[in-house]
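Below, each chain spelled out in residue letters.
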Amino acid sequence: MLAGSGERTPAGIELVPASSLRSLRGLRAVVGLPGLGWRGDLRIDDAIVQASRTFVPALPEQEWYRAEAEQTEVFAPLVPLERVWVERVSSAVTPPSDLVLVSLDAPPARFPRRVREVPRVTGLRVVRVPGPDDKTGRDQRDLRAVTEAYNGVEGDICVRVCREVDWYRWAWSGQAPKTMEVPVHLLWVE
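Undergrad: Explanation requested: the side chain of Glu190 in the structure shown.
TA: Its place among the elements puts Glu190 in the segment after strand E14 (187–189). Here Arg125 takes part through its side chain, which lies 2.6 Å from a polar atom of the side chain of Glu190. Once residues within four sequence positions are removed from consideration, Glu190 is found in contact with Ile13, Arg28, Arg110, Arg125, Val126, Val127 and Arg141.

Undergrad: I tried to follow the packing of aromatic side chains on my own but got confused; where do I start?
TA: The description of an aromatic ring pair uses the distance of the two centres, along with the angle that the planes make with each other. Enumeration according to the criterion identifies four aromatic pairs in this entry. Their ring planes at 85° and their centres at 4.9 Å tell us that Trp38 and Trp85 sit as a pair that is edge-to-face. Highlighted residues: Trp38 in strand E3 (residues 37–44) and Trp85 in strand E7 (residues 84–90), separated in sequence by 47 residues. Measuring from centroid to centroid gives 5.9 Å for Trp167 and Trp170, while their planes differ by 80°, and the two rings are edge-to-face. Separated by three residues within a single helix, Trp167 and Trp170 lie in helix H2 (residues 164–173), roughly one turn from each other. An aromatic cluster is built from Trp64, Tyr65 and Tyr168, whose rings are joined through pairwise contacts. For Arg43, the ring lying beneath its charged end belongs to Trp64, and the centroid distance is 4.9 Å.

Undergrad: What am I meant to see in the pattern of salt bridges here?
TA: It is possible for side chains of opposite charge to pair when their charged atoms get near one another. All chains considered together, the criterion is met by 24 salt bridges. In this structure, the salt-bridge partner of Glu164 is Arg43, at a minimum N-O distance of 3.4 Å. On the criterion of sequence distance, the pair formed by Glu164 in helix H2 and Arg43 in strand E3 is long-range, its members being 121 residues apart. Just as Glu164 is buried, Arg43 falls in that class too. For Arg110, the salt bridge is made with Glu87, and the minimal N-O distance between the two is 3.2 Å. Here Glu87 lies in strand E7 and Arg110 lies in the loop between E7 and strand E8 (113–114), a separation of 23 residues in the sequence. Arg110 gets classed as partly exposed once you look at its relative accessible area, which sits at 26%. Taking the relative accessible area as the measure of exposure, Glu87 reaches 12% and is therefore buried. Within this structure, Arg28, Asp41, Arg43, Glu61, Glu87, Arg110, Arg125, Arg141, Asp142, Arg144, Glu164 and Glu190 form a network of salt bridges that share partners.

Definitions and cut-offs
- Within any chain, residue numbers begin from 1 and follow the written order of that chain's sequence.
- At least 70 in pLDDT is required for a residue's local features to be given in this predicted model, at least 80 for side-chain atom pairs to be given and counted, and no such filter applies to totals for whole chains, interfaces and linings, which use all residues.
- Only hydrogens and water are set aside; all other atoms, that is, all heavy atoms of the structure, feed into the side-chain values.
- Segments assigned H or I by DSSP are reported as helices when at least four residues long, segments assigned E as strands when at least two residues long, and all are numbered from the N terminus.
- Here a polar contact is recorded for every N or O atom pair within 3.5 Å, except that within protein the pair must consist of a potential hydrogen donor and a potential acceptor, and residues adjacent in sequence are included only if both atoms are side-chain atoms.
- Pairs of residues are marked as contacts when any of their non-hydrogen atoms sit within 4.5 Å.
- Think of it this way: a Phe, Tyr or Trp ring, Trp meaning its six-membered ring, pairs with another when their centres are within 6.5 Å, and the plane angle makes it stacked under 30 degrees, edge-to-face over 60, tilted otherwise.
- Throughout this description, the term charge over a ring refers to an Arg CZ or Lys NZ atom that lies within 6 Å of the ring centre and within 35 degrees of the ring normal.
- The salt bridge criterion pairs a side-chain nitrogen of Lys or Arg with a carboxyl oxygen of Asp or Glu, the two atoms within 4 Å.
- Throughout, exposure labels follow a simple rule: accessible area from a 1.4 Å probe, protein chains only, divided by the maximum for the residue type, with under 20% read as buried, over 50% as exposed, and the rest as partly exposed.

Printed below as a string of structure tokens:
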């Protein structure tokens, strides 16, 4: 919970070296070079060894979802293991109170931001936190915003979201996703 409010903040995303995990299949990842930069929105597969070096197959998420949904084989570039970090949900990652400088030695953690504080949300990964009537009490992840904020039918300010696989299916097949309306006070940018 945020101090002085009824909102619950979802956990943020920390990045850990892929070498610290056994199973990598399907995990979200960031690849790059310390001091140079990072590329995210990737999914990876288990590491393979070639000529005594360890590599991780890495695909853009859209290609990974398509391969999984259609059960097809795809070509995945191989990235050296030491250049791959895996995203992991962590309650230790919290929003900073001010500007934070990061190290260029590893990709920085990502803290959640309220949707209402982000100027444009269409296409962004979002987290739906449980509302007061939600019996599960669990955050819903792997969602994408498909609209900006608007006035909902019942007067709430809302954003329409869809499952991430449906977001990507929309791109590769043209099939519009099934969406749900979520009040912005329950929605965070991941």
